[in-house]
Amino acid sequence: MSNNIYLKKGLDLPISGEAAQSTKKVIVPDVVAVKPTDFRGLVPKLLVKEGDKVLAGSPVLADKMSQNILFTSPVSGTVAEVVRGEKRKLLEVRIKADAEQEYVDFGVKNVAEMTAEQIKEAILKAGLWPALTQRPYGIIANPEAKPKAIFVSAFTTAPLAANPEFALGADVEYIQTAVNALSKLTDGGVHFSLNSENYSGTPFHKVENVIQHTFSGKHPAGNVGVQIHHISPIRKGETVWTVSLVMLAAIGKLFSTGKYDVRRKIAVTGPKSISPAYVEGYPGIAIKDVAEFYNAAENLRFVSGDVLTGTNVGANGYLGFFDNQITILEEGDKYELLGWAKPVRCSQYSSSRTYFSWLTPKKKYAMDTNLHGGPRAFVVNDVYGKVLPMDLFPVHLLKACLANNIDDMEKFGIYEVLEEDLALCEFVCPSKIYVQQIITDGIALMLKEMC
Amino acid sequence: MNGLRNLVDKIKPTFEKGGKLGFLHSTFDAFETFLFVPNTVTRRGAHVRDCVDLKRVMIMVVLALVPAMLFGIWNTGYQHNLAFGLDWGFWNIVLYGLVKVLPLYVVAYLVGLAIEFVSAQIQGHEVNEGYLVSGMLIPLIVPVDVPLWMLAIAVAFAVIIGKEVFGGTGMNIWNPALLTRAFLFFSYPSKMSGDTVWTGGVTRFLNEGVAYQAGNGLVDGFSGATPLANPTLENLQPQLTDMILGTIPGSVGETSVIAILLGAALLLWTGVASWKIMVSSVLGGLAIGYLGYAVGATDLPGYYQLVMGGFLFGTVFMATDPVTSAQTECGKWIYGFLVGALAVTVRIWNPGYPEGMMLAILLMNTFAPLIDHYVIEGSIKRRAKKVKIA
């Protein structure tokens, strides 16, 4: 506790629609989707065909580059449809779930007696390996590599994110098991970051066999990338792995129960969600499974994840592999007369003092997806720095990405950031620059040139 | 409100690509987005966005310039009134000021915006609102008697060569408004310096024997000189209050310390301009001002340097231009300090140029990327060292 890392910069988004801490229903899955698009740079290899029977834990896809990385079905059922996009790119494998769930039995294991190789093999076989994200670049961890350390953020600051204590408080034992397992895969230990303001209030501070860190501050203090930057920055040639609490719980369940059990509490949130609350479900469930949370007649956007970094999946879409949050908000495709010229815009939020939102710090805003302006060149230069608690030069990094200048991208810290870390820069940008897309393109270039 | 929207929607197809007036689509878009925040939604990345946009940021700077502009209009009339001994009342003074200053605005905005619209059209961009600020600034930093055709050429030069060839707002190296002034200064020095250009109507009176308000000719003892013409304590001490109020000859908007500080307050409160640049520029000016005072190069205490000429106007509105100033936080301190220091150095030690603010800012605009480069290199090295130890 003594060396708490206080992050002064950042912004908590005052968006309405926080989920009440109660589980409204348990979703009986109908059709679930396994989406290779959830993983950066993945070239999937299809292992099933339409009509095949699968169990929860049966492999559906493999990584073409290293074929021991499997992606398994979250439910038992029948492969209903393989959805492909342009150039036959594999988008989704849809599985029609059975009424009764059957699991592949991977066998209960005692982590303490296992070697690193056995642990890797068990996680790979059950399809939980993709839960480990490797930095730099945020790709699926390379099973051959030994990371410098493994980092876990045990709190969240993202807008309306699922409360980890409520969603995962009951899974602390599984998380402990997973930590014990993963700590064998690295010499640098498992780093666990907690929120100092809620240190004793969270069950996660009891997790042992970890190196604890405490952080306080606004979003993105809960982002694991920001935490790594302050704990032990990633230098050229180093790799670290990150894993979320949700995924730790699933890995723990694998060892403790022998099942691929990725059931999780999912927060249904957002300004347009009707009495937002939690549901119990699987990754890959259809948005339609939470139909009672929204009015289908409205023009809505459905985001798998939070409003800053999530994916727009649409009303017919499916929840992503890593996500335990659905955000429902209104499409802002409306004109606003003299919007920018009005002295006061009560219903809109701005972190800038050129409006008066700072007078009502407690107010929550029903934000929509309007861009609120037109795209411009970089003009105002100090807005990004105010919401990025990292010792980087974000504008220079972005310009290096735009110029495809690999040397400068390295210098300005492309190894240390993922899109999510700069998402707030995108939010506050008066020039409406697509910051995250620029980083995505930059990382794609690095992957192409460096690997 | 809906009627207006319907009207816009009705005429919109004419201006879209393939429409009859499709070649004007950037122009149409500029006016449409001026009236309505567009209905574009986020496509990728963050799904929600802050409601601030560049129009809002720019309009704040324009608002911050309003006190200086209003005072400049009044002072133009007031100086004319003094020079010709007219005993005018307030409204007469303001009327004369309007007659002199409004044409400057009309020319600055017409020429500048026309070029902006055309180049946006050629490049297929949206029209950037940056010129709203430049156009507001330009009339405030020129002598009121500058011929309008000269102003038009200077504006065209600054916008085309200073900005559009680099890619428009956000890409330019030098502040476009200052570039306008620099162009005038070097191309037509007789209209930009001396003692007679700063008071409205005097140039014309001297050339043609008439002025807009001829009156009885210039009063006895009219000098028209700005404080910079003869910067000695003996000369300026009696004028100090006038210099702070701004009731002295000078470029249209630069004279009143109070009006400029009002604008500065708005810029700092809204966070649009960097307080670091403002503070460090003032510190730089004071440091060299007092240095010159200490070594006997001038008998003016350093703080006089702040209230004379264009120092404060440049510090508040020109040096802080986010595009052309240093971009790094540490770089801003260095940049601002050097702007202030260089401006006063030129004033004190260079007999050729009584005022150094314009050139100091343009020079530091040129060096701002270099400052940033070293600040960033330094920061990266420091971090690398820290990481190695840890």
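Quick note: structure is the one above.
In this text the structure is predicted, and so the values were computed from the model without any measurement. (Residues numbered from 1 in each chain as written. Chains lettered and ligands numbered in written order. Predicted model: local features only at pLDDT ≥ 70, side-chain atom pairs only at ≥ 80, totals over all residues.)

**Q** Is there a simple way to think about the overall build of chain A in this case?
**A** Within chain A, the regular secondary structure consists of nine helices and 21 strands. Overall, the C-alpha framework of chain A stretches about 65 × 50 × 50 Å when taken along its three principal axes. Burial analysis of chain A (451 residues in total) assigns 55% to the buried set. Summarising the internal contacts of chain A: among those between residues at least 6 apart in sequence, 70% fall at separations of at least 24. (Helix = DSSP H or I, 4+ residues; strand = E, 2+ residues; numbered from the N terminus. Buried ≥ 20, exposed ≤ 12 C-beta atoms within 10 Å, placed from the backbone. Contact = placed C-beta atoms within 7 Å.)

**Q** What is the right way to read the interface of chain A and chain B from this model?
**A** Bring the parts together and some accessible area is lost; that lost area is often taken as the interface size. The partner chain B presents 48 residues to the 61 residues of chain A that form the contact. For the side of chain A that touches chain B, the secondary structure elements donating two or more residues are strand S18 (300-304), strand S21 (336-337), helix H6 (394-402), helix H8 (423-428) and helix H9 (435-450) of chain A. Among the elements that make up the side of chain A that touches chain B, the one with the highest residue count is H8 of chain A (four residues). Two elements, S21 of chain A and strand S1 (residues 36-37) of chain B, share two bridges in a ladder whose sense is antiparallel. Bridged to Glu-336 of chain A within S1 of chain B is Val-37 of chain B. (Pairing = 2+ DSSP bridges.)

**Q** When you look at the environment of Ala-225 of chain B in this model, what are you seeing that I'm missing?
**A** All names here are of chain B. Within the secondary structure layout, Ala-225 lies in the loop between helix H9 (202-208) and helix H10 (233-236). For Ala-225, a count of 17 C-beta atoms within 10 Å gives the class partly exposed. The sequence separation of Ala-225 and Leu-82 amounts to 143 residues, and the corresponding C-alpha distance is 13 Å.

**Q** Before we go on, may I ask you to explain the sheet that holds strand S9 (residues 90-97) of chain A in this structure?
**A** All names here are of chain A. What the four strands build is an open sheet, ordered S3-S9-S8-S5; its pairing is antiparallel. Each having just a single partner strand, strand S3 (31-34) and strand S5 (53-54) make up the two edges of the open sheet. Note that S3 and S9 share four bridges and pair antiparallel. Pairing of Val-34 across the sheet is with Val-93, part of S9.

**Q** Explanation requested: the sheet that holds strand S16 (residues 264-269) of chain A in the structure shown.
**A** Strand pairing in a sheet relies on backbone hydrogen bonds, with the paired strands running either antiparallel or parallel. Residues and elements named next belong to chain A. With mixed pairing, six strands are arranged side by side in an open sheet as S2-S17-S16-S20-S18-S19. The open sheet is flanked by strand S2 (23-26) and strand S19 (311-312), the only strands paired with a single partner. When S18 meets S19, the two strands line up antiparallel, connected through two bridges. Bridged to Val-303 within S19 is Asn-312.

**Q** Sorry, what's going on with the packing of helix H3 (residues 54-84) of chain B against helix H4 (residues 90-123) of chain B here?
**A** The relative placement of two packed helices comes down to the angle between their axes together with the axis-to-axis distance. Residue and element names in this part refer to chain B. Running from amino to carboxyl end, H3 crosses H4 at an angle of 110°, the nearest separation of the two axes being 7 Å. Relative to H4, the element H3 lies roughly perpendicular. Two secondary-structure elements touch here, H3 through Gly-72, Ile-73, Trp-74, Thr-76, Gly-77, Tyr-78, His-80 and Asn-81 and H4 through Ile-93, Val-94, Leu-95, Tyr-96, Gly-97, Leu-98, Lys-100 and Val-101. Of the residues in the contact of H3 with H4, the class split is nine nonpolar, six polar and one charged. (Axes fitted to C-alpha atoms, helices over the stretch in contact; angles between N-to-C directions. Parallel < 35°, antiparallel > 145°, perpendicular 65-115°, else oblique. Nonpolar A, V, L, I, M, F, W, Y, C, P; charged D, E, K, R; others polar.)

**Q** Could you clarify how one ought to interpret the environment of Val-202 of chain B in this entry?
**A** Locating Val-202 of chain B in the fold gives a position in helix H9. Every residue in contact with Val-202 of chain B, bar those within four places of it in the chain, is listed here: Ala-83, Asp-145, Thr-196 and Gly-224 of chain B.

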